[in-house]
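Geometric and topological summary
If you want the building blocks of each chain, they are given just below.
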Amino acid sequence: MSRWLPDSHARLEDAALELFAERGFDAVSTTEIAQRAGLSKATFFRYFRDKPEVLFWGQDLLADTFRQAIAGGPADASPLQLAGAAVLAADGIFDADRHRHAALRARLIASSASLGERAARKRAVLAAAMTDALRARDVSDSTADLTGLVGAAIYGAAYERWAASPVYRSFADLAQREWDRMELAAIDMSTHARLTT
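Here we summarise the structure given alongside this text. (Residues numbered from 1 in each chain as written. Predicted model: local features only at pLDDT ≥ 70, side-chain atom pairs only at ≥ 80, totals over all residues. Heavy atoms only, no water.)

Quick word on the packing of helix 5 (residues 59-71) against helix 6 (residues 79-89)
When two helices pack together, you describe them by how their axes are tilted relative to each other and by the distance separating the axes. To keep it simple, the criterion reads: Axis lines are fitted to C-alpha atoms, over the contacting stretch for helices. Their N-to-C directions set the angle, which ranges from 0 to 180 degrees. Numbering goes from the N terminus for both helices and strands, where a helix is a DSSP run of H or I of at least four residues and a strand is a run of E of at least two. In what follows, roughly perpendicular refers to angles from 65 to 115 degrees, roughly parallel to angles under 35, roughly antiparallel to angles over 145, and oblique to any angle outside these ranges. Here a crossing is taken to be left-handed if its near helix is turned anticlockwise relative to the far helix by less than a right angle, and right-handed if that turn runs clockwise. Contacts are assigned to residue pairs that have any heavy atoms within 4.5 Å of one another. Residues were grouped as follows: Ala, Val, Leu, Ile, Met, Phe, Trp, Tyr, Cys and Pro as nonpolar; Asp, Glu, Lys and Arg as charged; and all remaining residues, including Gly, as polar.
Running from N to C, helix 5 and helix 6 point in directions that differ by 135°, and their axes come no closer than 8 Å. As summarised for this structure, helix 5 and helix 6 are arranged oblique, according to the angle between their axes. The crossing of helix 5 and helix 6 is right-handed. Seen from helix 5, the contacting residues are T65, F66, A69 and I70; seen from helix 6, they are L82, A85, A86, V87 and A89. A breakdown of the residues in the contact of helix 5 with helix 6 according to their chemical character gives eight nonpolar, one polar and no charged.

As structure tokens, then:
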């Protein structure tokens with residue numbers, strides 16, 4: 001079997017997700033995934049570091065997208081505006097093709113403590129990408145840290161809604177709604193704090 005067949009990554013991903021849906025994540029081996037895709041086990045490891053990575057690939061692309069959006073933002077943008085632009089910039093990654101397996105991915109991750117822990121580590125990496133990009137724009141450490149966490153939380157909430165939707169929806173639209181909800185909640189918290197002091 002040639003490991004240079006076209007679309008090997010997509011074929012491996014589709015094969016893995018089909019098998020996971022049929023038998024569960026833990027019951028499937030990387031050898032079986034490669035066989036279902038008509039490729040070698042060595043080819044699997046050329047594209048994925050390990051089996052869980054089939055569910056999480058794309059993190060580097062996403063982190064780079066966040067960094068580039070923040071680095072290229074207007075000079076007068078606030079840290080929150082930069083983080084918001086970073087989350088919205090992910091729209092191009094979450095297309096209709098990627099949405100095909102989004103709900104299955106979410107179910108598999110939710111069903112496993114170890115996959116849930118890995119998802120949490122991935123979210124921390126994305127928050128750090130925003131934080132580092134903000135620091136590179138001379139945002140103070142404390143503001144960059146908090147903004148990175150807020151940005152990652154908004155991204156996570158938007159992704160959950162996107163993945164759970166039975167039909168494909170624009171990720172940017174969902175992310176914008178989450179930002180709007182966050183801003184309203186911040187206003188509400190500020191107003192409540194003034195009224196109780």
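Moving on from the coordinates now.
Observations concerning the packing of helix 5 against helix 9 (residues 113-135)
At a minimum axis distance of 8 Å, the contact between helix 5 and helix 9 shows a crossing angle of 25°. Judged on the interaxial angle alone, helix 9 and helix 5 are roughly parallel. The handedness of the crossing between helix 5 and helix 9 is right-handed. Of the residues in helix 9, those touching helix 5 at Q59, L62, A63, F66, R67 and I70 are K122, V125, L126, A129, M130, A133 and L134. By residue class, the composition of the contact of helix 5 with helix 9 is 10 nonpolar, one polar and two charged.

Some points on unusual backbone geometry
The backbone phi angle of D138 is positive, close to 70°, even though this residue is not glycine. Considering the arrangement of structural elements, one finds D138 in the loop between helix 9 and helix 10 (141-164).

A look at helix 1 (residues 8-23)
In an α-helix there are 3.6 residues to a turn, and that puts residues three or four apart on one side. So the rule is basically this: An expected span of 1.5 Å times one less than the residue number is assigned to each helix. We call a residue buried when its accessible area falls under 20% of the maximum for its residue type, exposed when it is over 50%, and partly exposed in between, using a 1.4 Å probe and counting protein chains only.
Between its first and last C-alpha, helix 1 extends 22 Å over 16 residues, near the 22 Å set by a 1.5 Å rise per residue. Where helix 1 is concerned, the buried positions are S8, L12, E13, A15, A16, L17, L19 and F20. In this structure, the buried residues of helix 1 make contact with helix 2 (30-37), helix 3 (41-47), helix 4 (53-56), helix 7 (96-99) and helix 8 (102-110).

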